[in-house]
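# Architecture and fold: a report
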Amino acid sequence: MEDLIEPQFVQNLAASSVKTSKYMSFSPSFQRFSITSWITENIKKKECQYYTEHSSKGRCHCGYLKEFHSVEALKSEEFLGETWKLQRHVREAPTDAFGEITFTGVGQKVGKFVRVSSDTSPETLYQLVTEYWNLSPPNLLISVTGGAKNFYMKAQLKSMFRRGLIKVAHTTGAWILTGGTNTGVMKHVGTAVQDYTTSTISKDGKIVTIGIATWGTVHNRQYLVDPEGKFPGYYPLDVESQGRLSCLDINHSHFILVDNGTHGSYGVEIALRSKLEKFISMQPLGKIDGGVTIPVVCVVLEGGPGTLDTIYNAMINGTPCVILEGSGRVADVIAQVANLPVSQIRVSVIKKQLKRFFTKEYDTFDEVKIITWTKKIQDIIRMRQLLTVFRIDEEGHNDVDVAILQALLKASKTSDSQERQNWARQLELAVGWNRVDIAKSEIFTEDRQWKSRDLHPAMLSALIGDKAAFVKLLLENGVCLNEFMIEQTLLELYNHLQPSSLILHKIAKRLKTAKHAGRITLGLVSDELRQLLGSFTQPLYPKPAAHHRFEMPPSDIRITVPTNRKFDLQMTPPVSERTPEKTLEDPARDLFIWAILQNRRELAEIFWEQCKDCIAAALAASRILKKLAEEEEGDKSNDMRDLADHYEKQAIGVFTECYTRDNLQAEKLLIRPSQAWGGTTCLRLALQAKNTSFVAQGGVQAFMTKMWFGELAEDTTIWKVLLCMLFFPLIYTGLITFRQDEEIQRKQERKEDIDNMESMALGPAKLRSHICLNQEQLEQQPLTCLTRLLSFFSCAVVKFYWNIISYFIFLCLFAYTLMMNFQVTPSGWEILLYVWLLSLVFEEIRQLFNDPDGFSFRRKAKIYISDIWNKLDVLAIFIFISGLACRLTTAGFYVGKIILCFDFIIFCLRLMAIFAVSRTLGPKIIIVKRMMKDMFFFMFLLAVFVLAYGVAKHAIRVENEDRLDWILRGVVYEPYLTIFGLIPSNIDNVGFDITKCTLTGSDPLMPRCPVLDSDQTPAFPVWLTTTLLCVYLLFANILLLNLLVAMLSYTFQEVQDNTDQIWKFQRYELIKEYHSRPPAPPPLIILSHLFLFLRCLILRKHKQIESSKWHIEEEELLSWEAFMKENFLANQCQAQSQSTENMILDTAKKVGVAVDLLESEQGKDSASMAKRLDLLEKQVAKSNIALQWIVNALQTSVLQSSVDAPMLLRLESTEADELEPSQEARSEKPQQHVNATHLIYPSTTETRFPVPEEYVPWEVKFPLYKPTIYNDSSSRRNTDIVQFNYSRTKNVKFWNVFRNPVGRTGIEGKGSLYRLGPNQAIDPVITRWKKLGEASVLEFIAVREKEDDFWSFPGGVLQPDEDLPKRLNLILSKKLKERIADMLRTSAKMYEGYVDDCRNTDNAWVETTAFNLHFEGNDVAHEELSRMVRVYYNINLAAHFIPGETIECGLLR
């Protein structure tokens, strides 16, 4: 069975086949065929099946004309005589409108569209959008609703809405859902998208805007109809002639056109749109399922009664809404009363607001509608956690995007989870949106203390989602990489590689050859990294044990599409079965490698700064990226090369900082084996990555110069070295200086300086300094005569010059032998030459098998052959051997000499390698090598012209030439010499001499005569051959030669700029070769070879390293390197901040902020003026009241006036006063009827009569009150129902008996309760104390319904003849039932009375009694209680439901 299971990343690889990539791609025609076949099979439309003519002539009841009906619909016998009904006479059929839509006259805007049935499942639509339209799942769903007709909006609010909507969609990766037409709020959204599209050039920043419209109301929809699909379908915009219909908006990217089979009916799409939004809100957020789903927010602009219903339904479903105040109508009505207590939102207040904002439509509103809207607005205001009002004039409300995201965060705080879980959910949302600003301002506040483990899920999501800013923020706020990065986490990261990444394909290839298919280990990753870094490195991750492998969980196995994949981090085995978590030695390095392999620049930069061995890390990254870039193509390859160059520069910067501070420590960093990077050195990594700039920097070159001179001082001149080589006793005269002598001299000078400074110091201090200096002096003693001699002759520079002298002698001996002493019997000099060559052969063999880096033989052979000078050596040796073999035979004596002469040329060319050490000639050799490549391609091009001219000219002049040597002479040799100015005389008849040619070709030393006339003169047309020659010279001499000059000049200029770097880079190989070369030059070197061979056979070399001492030194070195890295980064940051470009950007930002402030201030002026006027009106009203009081007081006093007091104008209460919450309202208690007045009765489709809060009490008259009567037939009936079915006017006494004691509920009857009147319930609070260490915690039993997400006490309404509620009976054993029944009789009541239950009606209600049942530790039922339930530390853990039931039981702490 395991063999059939595929890991998730292999499935991702397969799923990526639907996308165009380098590895898998399909033609557009194949993709269209795939989409067409899927849509025709899964997507339906609706069409009328029964034509019945409406009162409108020629139209059916469905709204379509007669000609738009099928023949079957016109002659339907199935429905003959029936009244037309939508549900019966409209049926589904395969859709005939889908594909790509192009709007004529607006450029290259291409969208996707589909016509769907109104009964289409949201799962199907989501699959279409994500899999076949290739949209990535959103991190946020923004549903924009409001006015469907064009409306006026203030310029500032319009600008802020458009800017904020696009910003939140772009930064969070959100989908925007609208009505899709070119009117009202949809038009505003389309304009915002258009403004963004025209202002950005980024292809990755496309805004996904999905329009869900009614098919029957789309104007010109006939242009979209094609059963085979439109690819593309051209849609004409004709707004002027649309009439009651609507045109689609050109700025939407996708259209879902909902069809219910009717024409001209608006609102058909609302139900399907709500279902789709609900389904999307249930999908996991991000690429891993951490329990957080895709958030949905509703943004409201303007709108009418339909918009109010949309807001109400959205908030009932838990969707937060953002209302834009100032947009008009419903949005402004809600905004005006949003700050009022519910008790002050009366019908009169709503009437005034409706009259104010619905000026034209207000007269058409009846009282019932206004009451209904009042009730809905009250319920909306009651859910304040889901309501956000955006006001321009409020401080901090300057960004719509911030308001939208804050609304979602506010809504996430309302769940019943604990506080830390609340924080974690908010953080997951912020990570999903990639909004660091929201996280900083709303989540990482001073009042919240985060632990590292609480941030781990968010850290994982940010890493997988490539959200570098969030990763940096999480690290700053307490994420510990050592705790976060365990082996399981690293495997999780590698299992979420992008399907299109190259490294995923490379690992997949290795997985196919693995023994355990379907499993992944870090060993696979390690093998791939070793191949990228080089085989000279050791594995970065150890091979895991056979039993410890990472297996993909079952939830991954079921999902085959990467966008829908689910991975539950909580799906771990029990603690007892869990393997111990393996920590990683260097988590920053592991994360850095993971980021580099995916070319994630920002993440890699963050973790590189965290790496311990930063120089080696940067060079390794450069090596990996360059290797990957060789296999990539296009922009990806260029990006990888750019990133490789960046890390080379970072390595240069840090090493330069180190070398400037301490050159000796820096050199140790350069040659120190890095255990974190496979035991290799920084220098080896730089050479393998061909980082010429790093190798060419001063510090590395100084180290190489030190290697070159060995123990000699670096400033030793060449003539001194040559003089001591010839007369070695001069070594002891001080002519040359050794490095150790210089160090001793410097220390002596330092000692003298300290002695002079301490002459005035205290004795003990002076004594201590003398002791310290004497110890230092004992460590380095002067060199002895023998050590000086050995040190001198073992220097690489001395070996090099000895070999130069030896090589010149060898060439002289070779030339002497060839020219003066090459006899049949080899002479002594010739034998010496052969011995000399044998020593060269042994040296080449030694170089091949020499293994200073620990390479395999194949790797060493590959490196050896890759060097051009080694190729010349091997070629020269083999030619010499072949020449020698011929020379020793009598028949091939002369041939052997010729071969040896050619071999001498090769040996002379090999002499150029000697010049590579020269700073002047070395770069020129590099230029010559590059020019030789250009010359090769030029010769290929020149050969085309030479052969073309040569064959044509020779065929015209000579007839039937059959001698190959003369053919080659005429076709190749002569045309080639012509280029250099040697014009052949046989091109015309002027110099023709018949005696200098042969007519039959019998003379091999004479050319064949041309075709002759009767007068023995050449018959070929002279004008033709002359013309061919002129054209040939024009192209060959002028065009091609000038092309060659241009190519060589370009190569010279290109190489000249980098010649110095290239020479410094290649200089290392020369130094390395002579550093490991035996001291003796050829032919004496053969003695050294013999010594080395004997030592390999007899002696065994043991390397002993004091590991503990080296480990301590390494830690100190790495700490120093980290300190230098911080200095480098600080200097780099300072340089960037002071750069001209950065200063321009800062200035631009400041100007932008200033402009925004000015605009906001201008907008606030009018609002500020309105506030002042309101305040003035209040003051005038209060002054009026005070003056009236004074007048009344004076009138009642003894002071009377002959003139009556003037009547003061009675000012009506201002609107501001009405909307200002009173002190009583602020402190009032909430009404009991909240749940009992919900408009929809629970678990039914019954609707309550709307009862605003002011009309709940029975004492308040409510003439319009006409409640619905509902009695659930499934519940147990009561005889009272029969009596209640009679008219209430005839049973007033009965009515008064069964009347809700609190007030109206909007529905009559018993509802879904068991009886009329009070329905008794019991809510037992079952508790116990639990000892945890030294502390005690209180545990209580709670239950949770399977479809709900909240916990409650295990009580409920008692059915007739029941002692305990049903839910309590389900979870209790028989023993516990008896014990609890006994405790209920004796326990004290905690509460007894009315319950605001959603099932309450006017005539039936719930009354409960709450008991506290506490189990002591010595209770006999205590253990039974522990076995019954599961202890929950975290109430969001996966549910364990009772078999066959829908209730979960647990002990909560």
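The structure under discussion appears in the preceding block.
Please read these numbers as outputs of a predicted model, since none were measured by experiment. (Residues numbered from 1 in each chain as written. Predicted model: local features only at pLDDT ≥ 70, side-chain atom pairs only at ≥ 80, totals over all residues. Heavy atoms only, no water.)

### As for the overall build of the protein chain
The number of helices and strands found in the protein chain is 52 helices and 23 strands. Counting all 1453 residues of the protein chain, 47% fall into the buried class. Within the protein chain, contacts between residues separated by at least 24 positions form 72% of all contacts whose residues are at least 6 apart in sequence. When the accessible surface of the protein chain is split by element, carbon and sulfur atoms take 57% of a total near 75,800 Å². (Helix = DSSP H or I, 4+ residues; strand = E, 2+ residues; numbered from the N terminus. Buried < 20%, exposed > 50% of the residue type's maximum accessible area, 1.4 Å probe, protein only. Contact = heavy atoms within 4.5 Å. Areas by Shrake-Rupley, 256 points an atom, 1.4 Å probe, with all protein chains shown as cover.)

### Topic: helix α19 (residues 487–494)
Most of α19 is tucked away: seven of the eight residues are buried. For α19, the set of buried residues is E487, T489, L490, L491, E492, L493 and Y494.

### A short note on the side chain of T1305
Inspection of the secondary structure puts T1305 in the loop between α49 (1292–1297) and β16 (1307–1311). A distance of 2.6 Å separates polar atoms of two side chains, one belonging to T1305 and the other to D1402. Leave out the neighbours within four places in its chain, and T1305 touches H1233, A1236, T1237, R1248, V1251, Y1265, N1300, N1400, T1401 and D1402. (Polar contact = N/O pair within 3.5 Å; in protein donor to acceptor, adjacent residues only side chain to side chain.)

### A look at the environment of K627
Turning to its location among the elements, K627 is positioned in helix α25 (residues 614–631). Given the relative accessible area of 25%, K627 is considered partly exposed. Taking the C-alpha atoms as reference points, K627 and A644, 17 residues apart in sequence, are found 9.9 Å from one another. Those residues in contact with K627 that sit more than four places away from it in its chain are Q531 and L532.

### Some points on the pattern of salt bridges
Throughout the structure, instances matching the rule amount to 38 salt bridges. In this structure, R1008 and E961 form a salt bridge, with 3.9 Å as the shortest nitrogen-oxygen distance. On the criterion of sequence distance, the pair formed by R1008 in the loop between α41 (964–979) and α42 (1022–1075) and E961 in the loop between α40 (921–957) and α41 is long-range, its members being 47 residues apart. By relative accessible area, E961 is classed as buried at 15%. In the salt-bridge network here, residues are joined through shared partners; they are K45, E47, D96, R115 and D259. (Salt bridge = Lys/Arg side-chain N within 4 Å of Asp/Glu carboxyl O.)

### Here we look at the side chain of R788
Along the chain, R788 turns up in helix α34 (residues 785–793). Among the residues examined, R788 registers a relative accessible area of 16% and is labelled buried. Each residue touching R788, except ones within four places of it in the same chain, is listed here: I731, Y732, F738, D741 and L783.

### Some details on the sheet that holds strand β10 (residues 296–301)
Across a sheet, strands are paired by hydrogen bonds formed along the backbone, either parallel or antiparallel in direction. In spatial order, the strands read β8-β3-β4-β9-β7-β6-β5-β10-β11-β12; together these ten strands make up an open sheet with mixed pairing. The sheet terminates laterally at β8 (230–235) and β12 (387–390), the two strands that pair on one side only. With direction set aside, neighbouring strand axes in the sheet form an average angle of 25 degrees. Pairing of β10 with strand β11 (residues 321–324) involves three bridges; the strand directions are parallel. Of the residues in β11, the one forming a bridge with C298 is C321. Docked against the sheet, helix α9 (residues 305–316) engages β5 (141–146), β10, β11 and β12, running at close to 150 degrees with respect to β11. In this fold helix α13 (residues 400–412) packs onto β10, β11 and β12, with an angle of close to 165 degrees to the strand it touches most, β12. (Pairing = 2+ DSSP bridges. Axes fitted to C-alpha atoms, helices over the stretch in contact; angles between N-to-C directions.)

### Focus: the packing of α41 against α42
Packed helix pairs are characterised by how far apart their axes lie and by the angle those axes make with each other. In the contact formed by α41 and α42, the axes pass within 9 Å of each other and the chain directions differ by 60 degrees. Put simply, α41 runs oblique to α42. Classified by chirality, the crossing of α42 by α41 is right-handed. Contact residues: α41 offers P975, Y976, T978 and I979, while α42 offers L1029, Y1032, L1033, A1036, N1037 and L1041. Here the residues of the contact of α41 with α42 sort into eight nonpolar, two polar and no charged. (Parallel < 35°, antiparallel > 145°, perpendicular 65-115°, else oblique. Left-handed = near helix turned anticlockwise from the far one by under 90°. Nonpolar A, V, L, I, M, F, W, Y, C, P; charged D, E, K, R; others polar.)

### Remarks on the packing of aromatic side chains
Tallying each qualifying case throughout the model produces 37 aromatic pairs. Ring centres of F800 and Y801 lie 5.3 Å apart, and the angle between their planes is 70 degrees; this geometry places the pair in the edge-to-face category. The burial state of F800 is the same as that of Y801; both residues are buried. Between Y949 and Y1032 the ring centres are 4.3 Å apart and the planes differ by 10 degrees, which places this aromatic pair in the stacked class. With Y949 in helix α40 and Y1032 in helix α42, this pair connects stretches of sequence that are 83 residues apart. Per residue, the accessibility class of Y949 equals that of Y1032, and both read buried. Ring pairs connect the aromatic residues Y807, F810, F814, Y834, W836, F880, F904 and F907, which therefore count as one cluster. In this structure, R887 is placed above the aromatic ring of F822, and the distance from its NZ or CZ to the ring centre is 4.8 Å. Above the ring of Y1265, the side-chain terminus of R1304 is found at 5.4 Å from the ring centroid. (Phe/Tyr/Trp six-rings, centres within 6.5 Å; stacked < 30°, edge-to-face > 60°. Lys NZ or Arg CZ within 6 Å of the ring centre and 35° of its normal.)

### Notes on unusual backbone geometry
Note on backbone geometry: most residues besides glycine have negative phi, and most peptide bonds are trans. A cis amide bond, omega 0 degrees, links F231 with the succeeding residue P232. With respect to the element layout, P232 can be found in strand β8. Cis peptide bonds are those with omega within 30 degrees of zero, and the linkage from P1082 to P1083 qualifies with 0 degrees. Along the chain, P1083 turns up in the loop between α42 and α43 (1085–1098).

Keep in mind these values describe shape, not function.
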